[in-house]
Each structure stands twice: as structure tokens, then as C-alpha cells.
Amino acid sequence: MSTFDWLTHLGIDDSYATDIVEVSFKDGASKDFYHAPPHLGVYTGDYVAVETSNGYNVGCITLSGELVRLQLKKKNIKEVKVTASVLRKANDRDLEKMHEARQLEYPALLKARVIARTNHVPMKVTDVEYQGDGRKATIYYTADDRIDFRQLVRQFSHQLRVKIEMRQIGPRQESGRLGGIGSCGRELCCSTWLSDFQSVNTAAARYQNIAINQSKLSGQCGRLKCCLNYELDTYMEALEAFPKKADKLRTEAGTGILIKTDIFKGLMYYTYRENRGLLFPIPVEKVHEIVALNKEGQKPADLQSFQAVVETKDDVFEYEDVTGAVELPTEKRRRKGKSSKSRKSGGRRKKSAEGSGETKAANAPKAEKKEDKGGGKKRRSRNRNRRRPRKDKGGGE
């Protein structure tokens, strides 16, 4: 919500001078208009103390002179209704009190949320703004329905020890007070320069040929993005050249159906109902001619004779000769073969193989003896089986 008084930087005297100034509080979170007497000598950028219903508040003058009249006219505020005035230029003690009050806002916000949750009130406490002298706190909240917070205000004033003012705001004002980064990578418009919020419909997305995707079209406030209205007028002017009733074109080859439109190139893409594989880009002027023929009861031969010639350029990559221009550093190449890990593992395997070979050589004679003994036993068992006579089934030998 920052404003820039460009008249003060030009060094031009304002011929339509006025004593009404615009004062912003808490870095533009809230603004109001006040009378500034000429004897005070306050200008744009000065911190001033202004009168309120309960004490005084400290803010910064953001606009003065003719620009203030333009803002009053834009917000539909008459100069007669501006009754409050600037008390004095803020001194060091006023600025210290203001900074002390700003440090109390975050703990007060946490307490207010806890109180609202314990009382089961269907509301969301968004922000807390202290007055410059610390005597009053304004609690901003969002809710779907009206809330009876008379008992809640008593608890707030008892816990925070200040006078409480409750103010309900919408989801767009909530995102403007909290701030953030949008999907475009820039700071939110509602928290920097957008002062009035206009209604945004899905028709704005349809006119701009944007897919109706609620997650992509919604901003951080949960509503449709305000930037959908920025280019809507340009699209509406461009669409005036397009025919109104041109969804279907009758030809002898078949009925053409409108698939999509390229607004800025002035092309309308059609395809046959019987053959959806063919796509014909037709200029707007040619579409007007076909529509006029259909109204007279005539049919053109086909859509191909009316289509625009679209030139497609093949991307050819050309490589420059950088011989001698770029010198690469010489590197020591390793020998082709096993990597360092495989070499280490191979070395370990060789050592283990050598060790196992030594142990096998030491235990070789014992193994041979065992084999001899085993072989002798097997031979004896075979001889015994040969000597034993077989018994007949009857029991005799």
C-alpha cells in the first residue's frame, strides 16, 4: 500500500494547495486524512502525531497537495468530512513509544488467537495493530458470518490491558495486510499498490483462453487472482474483430468445427466433424467470408483453400570452430582397466589367495593321509560284502 508523492520530487509549487494530508500507519497497513495547519511546517515523509478519539497516534505523511484531492475523489470522500487534524511533528519520545507498541503486537496476536479458540468462536484473528501511544489496539479478523463478540472483547481487554476495537475484513484485505510472494515471483499487488478490489469472474479467464483450473487461478487469499482483470480490456477489444456465430462452418467437404482461437494472431482453428485429424488455421477475414456464404445458402468447396500458410522454420544448430581459441588444461589420464576400488579389492583378494595357498600347502600331507585311510576303508568294506554269502528267501544258504 505504498504511495509515491512525485510532485514533491519535481520541485514544482502546487498551485492548488490544500492543508489536508494523507497519513499512513504501520507501513501503509491503514491510512487516513487529516488537516495539517501551515504553521506546523510538515511535509511528505515526516512523522507526525495526529489526534484520535482516545489519545494520539503516530504515522507518516505519504501525500500532500493536489494528489490528496485526487485520492479523496477516488475514494469518494468529501473534504467537509475530514475533521481530525495533525497535533505536532513527532519527537523522539513519540517514536520510541510507537516502536514499543509495535513490539507488543505479536504477543497480543497469539493471546487473541488463544482466547478465540478457547471460546470456540468461528473467527480467524489476522492482525493486531496498536495505537502510537499504546492505549488502544485494533484487532482485525475474518469470519464467514456475523459474530457476537461482546463477551470476547471483555476478555481481550482484560488480558491485553488496553481498549479493544474489533474490525472485520475480507480475505483480500487479509492477504494485503499479511503480504507475501505471488506465483509471478513478485510481491502481492494487494500489499503494495492495489487499493480497491474489483470482482473477478471466471468469464475473464474464458475470454483470455485460460484453462479453468481453480488451483492455478486462485491467489493466496483463496479468491480468483486480481491480475485476471489487468489485460481483460485488451482481449475484449481484440475479440470485437472475430465473428460472433462461427462455431460451425458448412462446406461441401464437411462441417467445420471451431477448436481454438489465437486472438492476437487473428487465427481460428477448425477441423472437420468427420475427420478430426486435420486442423486448418483460417484468418478472421476468411471466416467472415465463409459465414456470409453460409447465410446466403452457399457452401465453399473445403476449408483448405481458406487456411493461412504457416511457415515453420527448422532450427539449425551451427557449431563454431573454437580450435586455438579455447585451450583445455592437460590432465593425467589413468590407465584403462580396473578402477582404484577394483584394484584395492583385487589386491586384497590376491593377499587372501596367497595366504590361503600357504595354509593349504601346510595342511596338504594330512589331507592326503585322510584320503588314503578313507580309500582303504572303502576297499575293505567292498571285500567284506563280497565274502558274505547271500541268503535265500527261504532262509538257507
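Use the structure listed above.
Scope of this entry: the structure provided in the associated data block. (Residues numbered from 1 in each chain as written. Predicted model: local features only at pLDDT ≥ 70, side-chain atom pairs only at ≥ 80, totals over all residues. Heavy atoms only, no water.)

1. Quick word on the nonpolar core
Met-123, Tyr-130, Ile-139, Phe-156 and Ile-164 are the most contacted members of the largest nonpolar core, which totals 22 residues. Mapped by element, the contributors of at least two residues to this core are α4 (105-118), β6 (124-130), β7 (136-142), α5 (150-160) and β8 (163-168). Residues in contact with Ile-164, not counting those within four places in the same chain, are Ala-137, Ile-139, Val-153, Phe-156 and Ser-157. Among the nonpolar cores identified, the runner-up in size contains 16 residues, and Tyr-235, Leu-249, Tyr-270 and Tyr-272 belong to it. (Core = buried A, V, L, I, M, F, W, Y, C linked by side-chain atoms within 4.5 Å. Buried < 20%, exposed > 50% of the residue type's maximum accessible area, 1.4 Å probe, protein only. Helix = DSSP H or I, 4+ residues; strand = E, 2+ residues; numbered from the N terminus. Contact = heavy atoms within 4.5 Å.)

2. What about the sheet that holds strand β4 (residues 56-64)?
Adjacent strands of a sheet form backbone hydrogen bonds with each other and so pair up, either parallel or antiparallel. The five strands lie next to each other as β2-β1-β4-β3-β5, forming an open sheet whose pairing is antiparallel. Either end of the sheet is taken by a strand with one partner, and the two such strands are β2 (30-35) and β5 (86-89). When the angles between neighbouring strand axes are averaged without regard to direction, this sheet yields 45 degrees. Pairing of strand β3 (residues 47-51) with β5 involves three bridges; the strand directions are antiparallel. By the bridge assignment for β5, Val-48 is matched with Lys-89. Sheet strands in contact with helix α2 (residues 66-74) are β1 (20-25), β2 and β4, and its direction is about 105 degrees off that of β4. (Pairing = 2+ DSSP bridges. Axes fitted to C-alpha atoms, helices over the stretch in contact; angles between N-to-C directions.)

3. Quick notes on the packing of aromatic side chains
Applying the stated criterion across every chain yields a total of five aromatic pairs. Relative to Tyr-34, the ring of Phe-25 has its centre 6.3 Å away and its plane inclined at 85 degrees; by these criteria the two rings are edge-to-face. Ring geometry for Trp-193 and Tyr-230: centres 6.0 Å apart, planes at 40 degrees, overall tilted. Note that Trp-193 is positioned in the loop between α6 (171-178) and α7 (202-207) and Tyr-230 in the loop between α8 (214-217) and α9 (232-239), a separation of 37 residues in sequence. A relative accessible area of 39% means that Tyr-230 is categorised as partly exposed. One cation-aromatic arrangement involves Arg-88 over Tyr-56; the distance from NZ or CZ to the ring centre is 5.2 Å. (Phe/Tyr/Trp six-rings, centres within 6.5 Å; stacked < 30°, edge-to-face > 60°. Lys NZ or Arg CZ within 6 Å of the ring centre and 35° of its normal.)

4. Comments concerning the pairing of strand β12 (residues 280-283)
Burial of β12 is two-sided: the residues Phe-280 and Ile-282 facing one way and the residues Pro-281 and Pro-283 facing the other way are all buried. In this sheet, β12 lies alongside strand β11 (residues 267-272) in antiparallel orientation, the contact comprising four bridges. Residue pairing in the sheet places Leu-267 in a bridge with Pro-283 of β12.

5. Considerations on the pairing of β7
Moving residue by residue along a regular strand, the side chains alternate between the two faces of the sheet. By the criterion of burial, β7 is predominantly enclosed, with seven of the seven residues buried. Note that β6 and β7 share six bridges and pair antiparallel. Paired with Val-125 across the strands is Tyr-141, a residue of β7. Linking β6 back to β7 in an antiparallel pair, the connection comprises five residues, with Gly-134 at a positive phi of about 80 degrees. Note: β7 against β8, six bridges, orientation parallel. Note that in β8 the partner of Tyr-140 across the bridge is Arg-167. Viewed along the sheet, the connection from β7 through α5 into β8 turns out right-handed. (Right-handed = clockwise from strand over helix to strand, strands pointing away.)

6. Considering the side chain of Arg-177
The residue Arg-177 is located in helix α6 in this model. In this structure the side chain of Arg-177 is engaged in a polar contact, spanning 3.0 Å, whose partner is the side chain of Asp-127. Once you skip the residues sitting within four places of it in the chain, Arg-177 turns out to touch Ala-29, Asp-127, Glu-129, Tyr-140 and Ile-169. (Polar contact = N/O pair within 3.5 Å; in protein donor to acceptor, adjacent residues only side chain to side chain.)

7. Some words on the pattern of salt bridges
Counting across every chain of the model gives 14 salt bridges. Note that Asp-127 is salt-bridged to Arg-177, the shortest N-O span being 3.0 Å. Residue Asp-127 is found in strand β6, and its partner Arg-177 is found in helix α6; the two are separated by 50 residues along the sequence. Owing to a relative accessible area of 12%, Asp-127 belongs among the buried residues under this scheme. With relative accessibility at 18%, the residue Arg-177 sits in the buried group. Residues participating in the shared-partner salt-bridge network are Lys-26, Arg-102, Glu-105, Asp-127, Glu-129 and Arg-177. (Salt bridge = Lys/Arg side-chain N within 4 Å of Asp/Glu carboxyl O.)

8. A word on α4
Taking 1.5 Å of rise per residue, 14 residues should cover 20 Å, and α4 covers 20 Å from first to last C-alpha, within 8% of that figure. Residues of α4 that are buried make contact with α3 (92-103), β6, β7 and α5. Looking one or two residues beyond α4, the residue adopting positive phi is His-120, at roughly 55 degrees. (Expected span 1.5 Å × (residues − 1).)

By themselves these figures say nothing about function.
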